[in-house]
Amino acid sequence: MLTAWLVLPALLAGLALGVGLLAEAASGRRAPGALLVPLGVAGLIVAGQATASFDPTAELTIPLALALAAAGYALAIRRRRPLRPSLPPLLAFLVVAAVFGAPVIASGDPTFAGYIRLDDTSTWLALTDRVMEHGRSLDGLARSSYEAALDFNLADGYPIGVFVPLGIGGALAGTDEAWLVQPYMSVLAGALALVLYALLGRLVADPWPRALAATVAAQPALLLGYAQWGGIKEIAAAMLLALAAAAAVRLARGRGRRRPAATLRAAVPLALAAAATLAVLSAGGAVWLLPPLALALAVAWRRAGAGEAFRRALAAAALVVLFALPAIVTGAVLPPTSSPLTSDTAQGNLFEPLGAVRLAGIWPAGDFRAGPVDETIANSLIVVALAAALAGLALAAWRRARPPLVYAAGTLVAVAVILLLGSPWVDAKAMATAAPAVLMLALAAAIGLAARGGIVRRALGAAALAAIVAGVAWSNALAYRDASLAPYDQLAELERVGELTAGEGPALMTEYQPYGVRHFLRDADPEGVSELRRRLIPLRNGEGVEKGVNADTDELSPHALFVYRTLVLRRSPAQSRPPAPYELVWKGRYYEVWQRPEDGGTGVDGRLELGDGLDPTEALSCAALARLLAGERRGEVTAARRPGTVVVPLDTAERPIGWPAGERVVHPASDGTVSARFSLPRPGDWRAWLGGSVRGEVELSVDGRELGAARHLLNNYGFFIDLGEAELGAGPHELELRFTRADLHPGSGGRPEPAGPVILTTTEPEDAELVTVPAGRARELCGERLDWVEVAPAVP
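The residue count restarts for each chain, going from 1 along the sequence in the order it is written. Given that the model is predicted, a residue must reach a pLDDT of at least 70 before its local features are reported, and side-chain atom pairs must reach 80 or more before they are shown or counted; all residues, however, enter totals for whole chains, interfaces and linings. Note: side-chain values were computed over all heavy atoms of the structure, leaving out hydrogens and water.

### Concerning the overall build of the chain
The helix count covers DSSP runs of H or I at least four residues long, the strand count covers runs of E at least two residues long, and both are numbered beginning at the N terminus. Broken down by element type, the chain carries 24 helices and 20 strands. The reference for a compact globule is 2.2 Å times residues^0.38; the radius of gyration itself is calculated from the C-alpha atoms. Radius of gyration (C-alpha) of the chain: 30 Å, near the 28 Å computed for a compact globule of 796 residues. Overall, the C-alpha framework of the chain stretches about 100 × 60 × 45 Å when taken along its three principal axes. Surface exposure here means Shrake-Rupley accessible area, sampled with a 1.4 Å probe, where a residue is shielded only by the protein chains that are shown. Carbon and sulfur atoms make up 58% of the accessible area of the chain, which amounts to about 30,400 Å² in all.

### Notes on the environment of Ala 580
Note on placement: Ala 580 falls in the loop between strand 3 (566–570) and strand 4 (583–587). Using a 1.4 Å probe on the protein chains alone, a residue whose accessible area is under 20% of its type maximum counts as buried, one over 50% counts as exposed, and one in between counts as partly exposed. Ala 580 gets classed as partly exposed once you look at its relative accessible area, which sits at 23%. Sequence separation of Ala 580 and Ala 640 is 60 residues, and the distance between their C-alpha atoms is 8.2 Å. We call two residues in contact when some of their heavy atoms are within 4.5 Å. Discounting residues that sit within four places of it in the chain, Ala 580 has contacts with Thr 638, Leu 770, Trp 788 and Glu 790.

### Describing helix 5 (residues 120–134)
For a helix, the expected span equals 1.5 Å multiplied by the residue count minus one. Taking 1.5 Å per residue as the helical rise, helix 5 with its 15 residues ought to reach 21 Å, and the 21 Å between its terminal C-alpha atoms agrees with that figure. With twelve of 15 residues buried, helix 5 is to be regarded as a mostly interior element. Turning to helix 5, its buried residues number three or more, namely Thr 121, Ser 122, Thr 123, Trp 124, Leu 125, Ala 126, Leu 127, Thr 128, Asp 129, Arg 130, Val 131 and Met 132. Gly 135 occupies a position one or two residues after helix 5 and carries a positive phi of about 60°.

### Regarding the packing of helix 2 (residues 33–52) against helix 3 (residues 61–78)
Helix 3 packs onto helix 2 with a crossing angle of 150° between their chain directions and a minimal axis gap of 9 Å. Of the two possible hands of crossing, helix 2 and helix 3 adopt the one that is right-handed. In this structure, helix 2 uses Leu 44, Ala 47, Gly 48, Thr 51 and Ala 52 to contact helix 3, whose residues at the interface are Thr 61, Leu 64, Ala 65 and Leu 68. Here an angle of 0 to 180 degrees is reported between the N-to-C directions of two axes, which are lines fitted to C-alpha atoms, with helices fitted over the stretch in contact. Left-handed is the label given to a crossing in which the near helix is rotated counterclockwise from the far helix by less than a right angle, and right-handed is the label when the rotation is clockwise.

### Considering the packing of aromatic side chains
The criterion for an aromatic pair is that two Phe, Tyr or Trp rings (for Trp, the six-membered ring) have centres within 6.5 Å, with stacked assigned to planes under 30 degrees apart, edge-to-face to planes over 60 apart and tilted to the rest. One pass over the full model with this rule turns up 13 aromatic pairs. When the ring of Tyr 226 is compared with that of Trp 229, the centres are 6.2 Å apart and the planes differ by 65°; the resulting orientation is edge-to-face. Using a relative accessible area of 2% as the deciding quantity, one classes Tyr 226 as buried. A network of ring pairs unites the aromatic residues Tyr 226, Trp 229, Phe 368 and Trp 425 as a single cluster. Across from the ring centre of Trp 363, 3.9 Å away, lies the NZ or CZ of Arg 358, which sits over that ring. Only when the NZ atom of a Lys or the CZ atom of an Arg is both within 6 Å of the ring centre and within 35 degrees of the ring normal do we say a charge sits over the ring.

### Some points on the state of the cysteines
Here, the word disulfide means a covalent bond between the sulfur atoms of two cysteines. Any two cysteine sulfur atoms within 2.5 Å of one another count as a disulfide. The final tally for this structure, using the stated rule, is one disulfide. Covalently, Cys 622 is tied to Cys 782 through a disulfide, its sulfur atoms 2.2 Å apart. On the criterion of sequence distance, the pair formed by Cys 622 in helix 24 (residues 622–629) and Cys 782 in the loop between strand 19 (769–774) and strand 20 (785–792) is long-range, its members being 160 residues apart. When its relative accessible area of 19% is taken as the criterion, Cys 782 is described as buried.

### Section: the nonpolar core
Residues belong to one nonpolar core when they are buried, are Ala, Val, Leu, Ile, Met, Phe, Trp, Tyr or Cys, and are joined through side-chain atoms within 4.5 Å. Grouped together as the largest cluster of nonpolar side chains are 177 residues, with contacts concentrated most on Leu 196, Ile 232, Met 440, Leu 491 and Leu 494. Apart from the residues lying within four places of it in its own chain, the contact partners of Leu 196 are Ala 214, Ala 217, Ala 218, Tyr 407, Pro 436 and Met 440. Counting 30 residues, the second largest nonpolar core, distinct from the first, contains Ala 653, Val 674, Val 702 and Leu 723.

### Some remarks on the pairing of strand 15 (residues 705–713)
Moving residue by residue along a regular strand, the side chains alternate between the two faces of the sheet. Here, strands pair whenever DSSP counts at least two bridges between them. Note that strand 14 (residues 694–702) and strand 15 share seven bridges and pair antiparallel. Each bridged residue has a counterpart across the sheet, and for Val 694 the counterpart in strand 15 is Leu 713. Linking strand 14 back to strand 15 in an antiparallel pair, the connection comprises two residues, with Asp 703 at a positive phi of about 55°.

### Some details on helix 19 (residues 424–451)
When the terminal C-alpha atoms of helix 19 are compared, their 40 Å separation across 28 residues agrees well with the 40 Å that a helix rising 1.5 Å per residue should span. A residue's bend is the angle separating two fitted axes: one through the seven residues that end there, the other through the seven that start there. Maximum bend of helix 19: about 40°, positioned at Ala 434, with proline Pro 436 one to four residues after it. A large share of helix 19 lies buried, amounting to 23 of its 28 residues.

### Considerations on the environment of Leu 395
Note on placement: Leu 395 falls in helix 17 (residues 375–398). In sequence terms Leu 395 and Gly 305 are 90 residues apart; their C-alpha atoms lie 26 Å from each other. If near-sequence neighbours (up to four positions away) are discounted, Leu 395 is found in contact with Leu 203, Ala 444 and Ala 445.

Dropping the structure here:
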């Protein structure tokens, strides 16, 4: 946690400040202190993209960033540039970063949000891994899901700019980027607050009220909601667009004609912000940049004349092209997309198109796709925010506060164009990016009313300010409550598996786990059975496995399975033992690693899989064995002998009134207890597993004795939570599952996840006894409880 939430932010802020000082020195003009770190982030993106786009220079990215930052600090010392931070913007940065990171920070683990909801973060990690070492080159990569993810994105021009600072921070901190992605997004959000603080200078003169406005405006509900889904580009774009507007107005100011060199130098901050925006959004960034830049051009025209205005615009455009040259050369202009950008039916994973009222920044719902928890109160707060935003726009025009006016008006024009032409999924992202501008205007107007005038005016302003702040805080508290946090211990173990299996591929994951095959196992040439496959991994019936679905090794065609030397399997009570040639080489709390001999060991003439999705075993029937052997009496038959499981369905158990139930599962809709009776066929050490996911906490007790507990563990469909082990006797027993729903723990709210059934088992796949008999004596196995039966060919 210290590395993630203290070391990384300090490293990035320190690097960005140095690069920002260098950009300031290059421009020839002192920049507002609040803009230095955001300007430095833009500089890191632009400079890093230049080296990280190409294989020969990719490993120079970190030395380049360090050199630029060192040069910036050296020039600041030489220029005697004071570096003492101002407390109000610093607190705005820290508070916003804390709000965006609150669910992860409160969890106590360096994990990330958005797990299960969206798997885009796994792709961001794959891209970061690759570009920091090899740029966009895919040379040397074997066919795998990792390679397929890169091929779809990098090879087709996906913008990489936003991932470069993350890769730099990960390398310098010595920590996997998976544990740093949430702190990185929080730093970007804090940088957004700094830019808003600088923009508000002409509207809110007092530093502390201005810091309050910047702090609240930087956390609109929709933007924070995307941050909880891994929306790294939306946060970066929101910050860079505000920075571009601020830099454009600074370039536009000043009367008279400047020397060409001075004009070019003055355009550096704007060019960095614009080029960084294009590095994050590719060509789509132009839609966002053109309206505010056109307004800034109008300001320059009025103050310095048409000729000088166009000279400044030309200087900025030339620098933007220069800074964006790596993207242009590599063809990273129009990135690939999984859905149409303008289709009315392209909703991604939205429930329905989002209304434009979400631009107000207030949306009290744990999931921004759903309706507010109280529509009456929510609508009242939204009306207040939108009315205040209109008043703020008028106030900015009246006071000729050009920076916030150019930013807000330009952003609103851009988002209007996108809402008119874009798909619902694109519209939602656009509103998240633009929402800070609306909130900024609303807060500026409310603070302006509360700060001056008569009692009525002050009271009205204070009430509006309180309503807006309360609405944003309420929205974000619900987002905190409903966050979907990745299981840190499980993924950290997968990171360890990746280290153990490096070079031992190809590897197969039968679990749908994009973070495994796109990131942690990348050095083992991994493939997922239902994830970005390069090879067909069919089921026994020849059909493929649908995306997001898990498959047991028994369900897969043996010939397809034997392609993979290494199997990385999620521990489960329903997991079959892999075929006989595979042996267990490593076991953790969550995963097992099985390997077959490197030089073969895949000779199997026939195979009979037994059991079902809840019990991997069943009694072998002589008829099924006869069909497998088809009269063959040569060769050998190998069987995996192991006891069966005990399945306790929860849909028939005693449960609180109002809890929905499905096949063997319940949906815990509140705090409550589920009670069920079951019987064990034999005494022993029994391990209990709960199917599904838990958002709050679940505690299991058997016969009044506590067995184990789990909190906020999310699974993809078909997997189980280990709730502990106890020695139990044969015969009847009673279990209780106590569910605790929403409390102060992050992610404890949200829609109830299905839970169940409970499965009890005394063995796991490695405990299966492999029994080998000649084919002529195979009937001896009839009636035994087996996992599978294999027929090996006769030796000539």
